[in-house]
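Reading the structure
Each chain, written out:
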Amino acid sequence: ALKRLKGGEKWKKFDEMCNKKSVNVFHCNLMMSASGSLQGRDELFGRMRELEVEPDVVTFSIYIDKACKMERMDVAERALSDMKALGIEPNVYVFSALIDGYGKLGMLSQATGVWNRMKTLGIVP
């Protein structure tokens with residue numbers, strides 16, 4: 001039901017689900033995708049911690065992609081470090097978002113560095 005809702009209705013339903021403690025990572029990933037700001041996504045990570053819902057590679061992939069689209073490569077790189085600290089391995093989507101973000105900013109040496117990190121980990125584009 002959460003997936004089909006829009007805007008405020010989606011957030012209202014999510015809040016209800018949080019209050020009932022019936023939220024899982026799938027629900028949080030939907031909301032991470034729906035959030036329009038870094039602050040909103042950071043607050044969602046906080047709620048996940050409170051509810052003891054562990055983020056997964058999809059959670060971080062969405063977060064990193066949105067940070068890159070907002071030209072916040074510092075935030076994206078910090079999220080990559082956070083995910084590694086949690087033992088979550090980045091996938092091709094995470095690295096593609098970083099490469100795209102750096103590329104669009106004209107930061108080609110950083111984009112190449114991400115490409116090399118990806119290859120070192122054996123991740124095929």
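Please read all numbers here as calculations on a predicted model, not as lab measurements.

**Description of the packing of helix α1 (residues 7–19) against helix α2 (residues 25–34)**
- Their axes nearest at 11 Å, the elements α1 and α2 cross at an angle of 150°. Classified by the angle their axes make, α1 and α2 are roughly antiparallel. Crossing of α1 over α2 shows left-handed handedness. Between α1, through Lys10, Trp11, Phe14 and Met17, and α2, the contact on the second element is made entirely by His27, Cys28, Met31 and Ala34.
- The class makeup of the residues in the contact of α1 with α2 is six nonpolar, one polar and one charged.

**Regarding the nonpolar core**
- Core analysis: the largest hydrophobic core is formed by 36 residues, its most contacted members being Phe14, Phe60, Tyr63, Ile64, Cys68, Met83 and Leu98.
- Taken together, the elements giving at least two residues each to this core come down to α1, α2, α3 (38–50), α4 (57–69), α5 (73–85), α6 (92–104) and α7 (108–120).

The rules we used
- Residues numbered from 1 in each chain as written.
- Predicted model: local features only at pLDDT ≥ 70, side-chain atom pairs only at ≥ 80, totals over all residues.
- Heavy atoms only, no water.
- Axes fitted to C-alpha atoms, helices over the stretch in contact; angles between N-to-C directions.
- Helix = DSSP H or I, 4+ residues; strand = E, 2+ residues; numbered from the N terminus.
- Parallel < 35°, antiparallel > 145°, perpendicular 65-115°, else oblique.
- Left-handed = near helix turned anticlockwise from the far one by under 90°.
- Contact = heavy atoms within 4.5 Å.
- Nonpolar A, V, L, I, M, F, W, Y, C, P; charged D, E, K, R; others polar.
- Core = buried A, V, L, I, M, F, W, Y, C linked by side-chain atoms within 4.5 Å.
- Buried < 20%, exposed > 50% of the residue type's maximum accessible area, 1.4 Å probe, protein only.

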